[in-house]
Amino acid sequence: MVKHTKPKTFYEDFVRKGGPGEKNTHYCPGCGHGNVHKLIAEVIDELGIQDRVIFCSPVGCSVFAYYYFDTGNIQCAHGRAPAVGTGLARSLENSIIISYQGDGDLAGIGMGAIMHAANRGEHIAVFFVNNAIYGMTGGQMAPTTIVGQKTLTTPLGRSAGRDGFPLTMCEIINNLAAPVFIERVSLGNAARILKAKKAIKQALVNQVEKKGFSFVEILSPCPINWKMQPIEARKWLIDKLEPVFPVKNFRNGDSQVKYDPPRPVSDEEMKKLFNLEKDISIKQKEEHISEQLVKLAGFGGQGVLSGGILLANCAIAEKHNTSWLPSYGPEMRGGTANAGVIISDGQIGSPLVDNPNFFIAMNGPSLDSFEDQVLPGGTILVNSSLIERKVNRSDIKTLYAPLTEIAQQAGAVAAATVAGITMYALSTGIIAVDTIRQVIPLSIKRKALIDENLKVVDAAREYYEKNLAKT
Amino acid sequence: MERQLIKGNEAVVFGALLGGATHFFGYPITPASEVAHMAAKQFPATGNCFLQAEDEVNAINMLYGAAAAGSRVMTASSGPGISLMAEGISYMAGAELPAVIVHVQRAGPGLGNIWPEQSDYNATVKGGGHGNYKNIVLAPFSAQEMCDFTYRSFELAEKYRMLVFVLADAYIGQIMESVTLPGDVKHAPRYDWALYGDRESRGNLISSILMNTELLSTHNWKLDDKYKKVAEELTEWEEYETEDADYLFVAFGVCARLCLSALSALRKQNIRIGLLRPKTLFPFPSKRLCELRKKIKTAIVVELNNGQMADDVELALRCAVPVHRYNWMGGKVPSTQDIIDRALKDLRG
C-alpha cells in the first residue's frame, strides 16, 4: 500500500521554496517526480538513514529537490551529479549519496559523468527519471524521446534518420562490470509504483551495505509537455514507452569493487615519507662561489637530464642554491635534450642558461647549437667519443674526453654525463668528486646502477688526472 | 629542515599534503602532468585519495562534491583543461566552496603548444567562467613557492570560502630547485556550512541557484564585499631595490626571475631600476603601485602574453607614468639579454 502520510524525510513546510503554498511542491499536476520523491523519502524513513543521506539535485524539473528533502542537500551543474557524488562518496565514509537525475541531465549532457561513475562502481544510488522529454525548458527532445514523438524541437516527430534513436541507459550501463544493481521500473499504475519502490529500496540498501553503484531508471509521466491528461499520460507511458524501455531487473549482484575510503597516515609517518628529517648535506659551506651556469646537451638516452639532476643534487649537498631546467616535451623523445643547471650562493634570477660558463657537449649537433653561446673565458667539455671536430673558438678553454667510452668501459653507457659531471668537478673545483660519490647512492635506487655509476666517476677521475689535469 | 631537489610541479604535491589536502582529482595535460604523477604516488602513499577523472569537466565537479564534504581538495591542469573547468569553477564560486587549483600555463589560444605563456592571467584573475566572481590567485616564481603557496592555499580557500589558484607557468612547473618542505602538517577543521552526512550538518545546502532576483542580488553583493575584504587583507608582493629606483619592472612567475637577472645587470650600468613582483594577482598590489607612481619615471611590465597584467598596472598607476609593455607569446621566452637590451633602449632613449 502507498501510505498517505507525509514521510518525515520531507520538510513539514517547504520554506526554501518560498512564496505562497509552502505545503505544495512546484511540480505540475500528474507529474511523476512527486511519486518518485515520495518513494525515496519513504525508503529513507524505513531504513532510518535520514541523517546520512546527501541528496544531489540535478538541473531539470527536480533542480529544487532540496526544497523538499530534509537531508543534506547539494545542487549540481547540469549532468555532473555523478561526479559531484564521486567527490562526496570518496570523502564521507558513512554517508548515503543519492544522485537524482532526469533524462537530459543524465543521458544528454551528463553521459560521460554517469558512464564513468558507473564504471568505477562509485558508491552512489542513481535515480534516473526518464520522461522522454525536456520538462523544465518546456518540452524539447530528450535523448530518450521515442521515434515519432512530437516535441518542440521535433515538431513532426523524432526522426531516427536525423535525430538518432532513444538511448536505453539500463542496457548501456549493463555492459559495465562494476555496477551491482540495475533495474528499470515504471510509474504506469499503482502495481508498478509498488515495484518501483522495491527497486529504490534495494538501491539504497546497497548503499547502507556499501555494496556499490546502483542504478534505477524510472519511466515517469510528463502530462504537461506530452500535452495529455494525467490518466491518459500514464496509459501512454505503458503503451508507448515501456515497449522501447523494457521494465525489468538487469542486475542484482554482489560488489565487484571494494570500498576503499581514504585512511590518512599520521603526521609523523608523513614527515618520514617526505624525508623531512633526512639530512643530505655533506659539508658545511665554507666559501662563496661565483655563479655557475652549466649547460648539458646531447641526444635522448645519454642521461643529459639526469646528469643535470645529479649535479644539482651535489650543489645542494654542498649547501649551495641551485636550479635545473630541462628542455622538455617532444624534444625529449629521441631528439636533442638539454638541461641548464645554475649553482649559486645568491638568489638565482633567470633559471635559463642562455650563456653557459661551462658547457658539456655530448654529441655533435649539441656542440654546433651551443658553441657560440658559451661565455668568453668559459669552458667546453667535448665528448670526443662522438664528436670528431674541434671547437672553433679560441676565447674559451676546451677539454676533450671520450665520455661515452669511459662510461662504456665502466659498464654504464647511459652514465656518460656522470663522467662529464666528474670532469666538471675536477676542472672547476666548485664541487668535490667525493660529493658526487656520496650523492649517487642517495639519488639512484638500484644497487647495481649505483656501483656502475661509481665506477664511471672513478674512471673519469683517472682519465682526467692522466690526460687533462695539466691543460 | 633539510633542503631537497624538487621539481616545481612535484613540490606542489608535498605542499598540498603537508597543508592537509586529502583529495586530488585531475586529468593529465602537459605541462602540468607531473603534478598528477606525483599526486598519484603520494596521495595513496599517505592514505589519501587520488583519482584520475574522465575529463576536466568532471574533475572539477569531483572537487565540488569533495569540497562540499569539507575535504581539502585540489586539482592541477593547464589552459585547455582550465577552460573545460570554467563551468565548475563558476558553480564553486557561486556556492562558495573552497578548493585549490594549480594552473601551470602553456601557450594558447586553442591547443597552442606546451611551452610557457602567462596568457591565462585574465581568465584566472578576472574570473574565467560566467557570473560576478573572483578567485584568489597566487603567483609562485620558484619551486619553493610552488610548495609554500600550495601549502597555505587550503587555509586561505577555507577562510574566505573561495577558490585559490596557484598560477604558474611551464618553466616554474618544470624547474627543479632546492626546496625546504614545511615542517608542520595541517588539517581541515570541521566547518558549519559543509555536508558531513550526519545530523548536525543535515540542514545544510550547497547551491548556487537563487531564482529570486532579490536573493541573488544580495548574494552577489555579499560576494563582492568578501572580495573587497580579501583585497584589504591578503594583497602580497615583493619588492627588490625599489628604495632608490627611478624605474620599475613589474613581473610575476618566470618573468620576475628574468627581471631579477636583468635588474642586477642594469644596476651595474648605473640604471636605478627596481622590481615589484606581485605574489597575489588577485588581490593585486594596486595601492602600492599607486604609491610608487610618485617615485618612478617609467614602469616596464614584462609578461609572456599580450599585456594582460600591464592593463592592471596602468590602471594602478593612473596613467601617471609611461608603461612599457615587454611581451612574448607563443611559448617564446626572452633571454635576460633581450630584456636588458630593450630596457637600455627605452630608458636611455
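What you are looking at is a predicted structure, and each value in this text was computed from that prediction instead of being measured.

Asks: So what exactly am I meant to see when it comes to the overall build of chain B here?
Replies: When you go through chain B residue by residue, the secondary structure sums to 12 helices and 15 strands. Taken over C-alpha atoms, the radius of gyration comes to 20 Å for chain B, in line with the 20 Å a tight globule of 349 residues would show. Along the longest, intermediate and shortest principal axes, the C-alpha atoms of chain B span 70 × 50 × 40 Å. Taken across its 349 residues, chain B has 66% of its residues classed as buried. Across chain B, every contact between residues at least 6 apart in sequence was considered, and the portion connecting residues at least 24 apart equals 79%.

Asks: What's the story with the overall build of chain A in this structure? I'm lost.
Replies: For chain A, the count of helices and strands is 16 helices and 13 strands. Overall size of chain A, expressed as C-alpha extent along the three principal axes, is 100 × 55 × 45 Å. Classification of the 471 residues of chain A by burial places 57% in the buried group. Across chain A, every contact between residues at least 6 apart in sequence was considered, and the portion connecting residues at least 24 apart equals 65%. For chain A, the accessible surface area stands at approximately 19,100 Å², while carbon and sulfur atoms represent 53% of it. Treating the 50 positive side-chain charges of chain A as one cloud and the 46 negative ones as another, the clouds have centres 8 Å apart.

Asks: What is the right way to read the sheet that holds strand 7 (residues 163-169) of chain B from this model?
Replies: In a beta sheet, neighbouring strands pair by backbone hydrogen bonds and run either parallel or antiparallel. All names here are of chain B. Strand order in the open sheet formed by seven strands is 3-2-4-5-7-6-13, with mixed pairing between adjacent strands. Two strands bound the open sheet, and with one partner strand each, they are strand 3 (49-52) and strand 13 (280-282). Across the sheet, the mean angle separating the axes of adjacent strands is 20° when strand polarity is ignored. Of the strand pairs in this sheet, strand 2 (residues 23-26) and strand 4 (residues 73-77) are connected by two bridges, and their pairing is parallel. Considered in strand 4, the bridge of Phe24 is made with Met74.

Asks: What is the right way to read empty space enclosed by the protein from this model?
Replies: If a probe as big as a water molecule is rolled over the atoms, it shows which places are left empty. Residues and elements named next belong to chain B. Under the criterion given, the structure shown has two cavities of 30 Å³ or more. Each pocket or cavity is described by its volume, and for the largest cavity that value is around 50 Å³. Along its surface, the largest cavity is lined by Gly70, Ser71, Arg72, Val73, Pro98, Ala99, Phe154, Ala157, Glu158, Tyr191 and Trp193. Looking at the lining of the largest cavity, the element that brings in the most residues is helix 6 (residues 143-160), giving three residues. Looking at the lining of the largest cavity, its residues break down into seven nonpolar, two polar and two charged. By volume, the second largest cavity is sized at about 30 Å³. Residue lining of the second largest cavity: Met92, Ala93, Glu96, Lys134, Arg161, Met162, Leu163, Lys226 and Tyr227, and that is the complete set. Of all the secondary-structure elements, those providing two or more residues to the lining of the second largest cavity are helix 4 (79-95) and helix 8 (213-234). Split into classes, the residues belonging to the lining of the second largest cavity amount to five nonpolar, no polar and four charged.

Asks: Honestly, the interface of chain B and chain A in this entry has me stumped. Any pointers?
Replies: Many analyses report the size of an interface as the accessible area lost when the parts associate. Across the boundary between the two partners, chain B contributes 72 residues, which contact 70 residues of chain A. Regarding the contact of chain B and chain A, the summed buried area is about 5,900 Å², with carbon and sulfur atoms giving 62% of it. Of all residues in chain B, the largest losses of buried area upon contact with chain A belong to Glu2(B), Arg3(B) and Arg202(B), amounting jointly to 12% of the total for that side. Our count for the chain B to chain A interface comes out at five salt bridges. Linking Asp70(A) and Arg202(B) is a salt bridge whose minimum nitrogen-to-oxygen distance equals 2.9 Å. If you look at where chain B meets chain A, you find 28 residue pairs in polar contact (both at pLDDT 80 or more). The biggest single contributor to the side of chain B that touches chain A is helix 3 (residues 56-68) of chain B, with eight residues.

Asks: Just to check I follow, could you spell out the domain arrangement of chain B for this structure?
Replies: All names here are of chain B. According to the domain assignment, chain B consists of domain 1 (3-234) and domain 2 (237-348). For domain 1 and domain 2, the distance between their C-alpha centroids amounts to 28 Å. The interface is formed by 35 residues belonging to domain 1 together with 27 residues belonging to domain 2. Carbon and sulfur atoms supply 58% of the area buried between domain 1 and domain 2, which totals about 2,400 Å² over both sides. For the domain 1 face of the interface with domain 2, the top three residues by lost area are Gln118, Tyr121 and Phe141, together amounting to 33%. At the surface where domain 1 touches domain 2, the tally comes to three salt bridges.

Asks: How should unusual backbone geometry be read in this particular structure?
Replies: Trans is the prevailing form of peptide bonds, just as negative phi is the prevailing case for residues other than glycine. Residue and element names in this part refer to chain B. A cis amide bond links Gly108 to the next residue, Pro109, at an omega of 0°. Its place among the elements puts Pro109 in the loop between strand 5 (99-105) and helix 5 (121-125). Put simply, Phe282 and Pro283 share a cis peptide bond, and its omega is 0°. Residue Glu241 is not a glycine yet carries a positive backbone phi of 50°. Even without a glycine there, the phi angle at Asn270 is positive, about 65°. Note that Asn270 resides in the loop between helix 9 (254-268) and strand 12 (273-278). On the basis of relative accessible area, Asn270 is assigned to the exposed category, the value being 69%.

Asks: Got a minute to help me understand the domain arrangement of chain A in this structure?
Replies: With domains assigned, chain A is organised as domain 1 (15-252) and domain 2 (288-467). A C-alpha centroid distance of 63 Å is found between domain 1 of chain A and domain 2 of chain A.

Asks: Honestly, the sheet that holds strand 1 (residues 3-7) of chain B in this entry has me stumped. Any pointers?
Replies: Strand order across the open sheet formed by eight strands is 13(A)-12(A)-11(A)-8(A)-10(A)-9(A)-8(B)-1(B), with mixed pairing between neighbours. Two strands close off the open sheet at either side, each with one partner strand: strand 13 (397-401) of chain A together with strand 1 of chain B. Shown here is a sheet whose adjacent strand axes are inclined to one another by a mean of 20°, direction ignored. The pairing of strand 12 (residues 379-383) of chain A with strand 13 of chain A spans five bridges and is classified as parallel.

Asks: Would you take a moment to explain the confidence of the model for chain A for this structure?
Replies: The predicted coordinates ought not to be read in detail in places where the model reports low pLDDT. Scored by pLDDT, chain A has a mean of 93; 95% of the residues are at 70 or more. Scored below 50 in pLDDT, residues 329-333 of chain A makes seven contacts in the model with residues more than four places away or belonging to other chains.

Asks: Help me out: how do you make sense of the nonpolar core in this one?
Replies: The tendency in soluble globular proteins is for nonpolar side chains to be buried as a group. With 165 residues, the main nonpolar core has Ile74(A), Leu88(A), Phe215(A), Phe249(B), Leu281(B) and Val302(B) as its most contacted residues. Beyond its immediate stretch of four places on either side in the chain, Phe249(B) contacts Cys259(B), Ala262(B), Leu263(B), Leu266(B), Ile273(B), Gly274(B), Leu275(B), Leu276(B), Ile300(B), Val302(B) and Ile339(B). Of all hydrophobic cores here, the second largest spans 51 residues; its members include Ala337(A), Ile436(A), Ile450(A) and Leu454(A).

Asks: What am I meant to see in helix 11 (residues 308-316) of chain B here?
Replies: Every α-helical turn comprises 3.6 residues, leaving residues that sit three or four positions apart pointing alike. Where helix 11 of chain B is concerned, the buried positions are Gln308(B), Met309(B), Ala310(B), Asp312(B), Val313(B) and Ala316(B). Phi for Arg318(B), located one or two positions after helix 11 of chain B, is positive at around 55°.

Asks: Explain the layout of surface pockets here, please?
Replies: Residues and elements named next belong to chain A. By volume, the largest pocket is sized at about 1,200 Å³. In this structure, the largest pocket is lined by 33 residues; those nearest its centre are Ile309, Asn313, Leu442, Ser443 and Lys445. At five residues, helix 11 (residues 304-317) tops the list of elements feeding residues into the lining of the largest pocket. Residues belonging to the lining of the largest pocket are distributed by class as follows: 19 nonpolar, nine polar and five charged.

Asks: Would you explain the packing of aromatic side chains in this entry?
Replies: Where two aromatic rings form a pair, the distance of their centres and the angle of their planes describe that pair. For the coordinates displayed, the defined rule picks out 20 aromatic pairs over all chains. Judged by centre distance (5.9 Å) and plane angle (35°), the ring pair of Phe128(A) and Phe215(A) falls under tilted. Within this pair, whereas Phe128(A) is found in strand 4 (residues 125-130), its partner Phe215(A) is found in strand 6 (residues 214-219), the two being separated by 87 residues in sequence. Linked through ring pairs, Phe14(A), Tyr27(A), Phe64(A), Tyr66(A), Tyr67(A) and Tyr68(A) together constitute an aromatic cluster. Above the ring of Tyr151(B), the side-chain terminus of Lys186(B) is found at 4.6 Å from the ring centroid. Geometry around Phe141(B) places Arg277(B) over its ring, the cationic atom sitting 3.4 Å from the centre.

What counts as what
- Residues numbered from 1 in each chain as written.
- Chains lettered and ligands numbered in written order.
- Predicted model: local features only at pLDDT ≥ 70, side-chain atom pairs only at ≥ 80, totals over all residues.
- Heavy atoms only, no water.
- Helix = DSSP H or I, 4+ residues; strand = E, 2+ residues; numbered from the N terminus.
- Rg over C-alpha atoms; globule rule 2.2 N^0.38 Å.
- Buried < 20%, exposed > 50% of the residue type's maximum accessible area, 1.4 Å probe, protein only.
- Contact = heavy atoms within 4.5 Å.
- Areas by Shrake-Rupley, 256 points an atom, 1.4 Å probe, with all protein chains shown as cover.
- Lys, Arg positive; Asp, Glu negative; His and termini not counted.
- Charge placed at Lys NZ, Arg CZ, Asp CG, Glu CD.
- Pairing = 2+ DSSP bridges.
- Axes fitted to C-alpha atoms, helices over the stretch in contact; angles between N-to-C directions.
- 1 Å grid on protein atoms, 1.4 Å probe; cavity = no way out; pocket = protein on both sides within 12 Å on 5 of 7 lines; lining within 4 Å.
- Points joined across faces, edges and corners; volume = space filled by probe spheres on them.
- Nonpolar A, V, L, I, M, F, W, Y, C, P; charged D, E, K, R; others polar.
- Buried area = accessible area lost by both parts, 1.4 Å probe.
- Salt bridge = Lys/Arg side-chain N within 4 Å of Asp/Glu carboxyl O.
- Polar contact = N/O pair within 3.5 Å; in protein donor to acceptor, adjacent residues only side chain to side chain.
- Domains from an automatic or database assignment.
- pLDDT = per-residue confidence, 0-100.
- Core = buried A, V, L, I, M, F, W, Y, C linked by side-chain atoms within 4.5 Å.
- Phe/Tyr/Trp six-rings, centres within 6.5 Å; stacked < 30°, edge-to-face > 60°.
- Lys NZ or Arg CZ within 6 Å of the ring centre and 35° of its normal.

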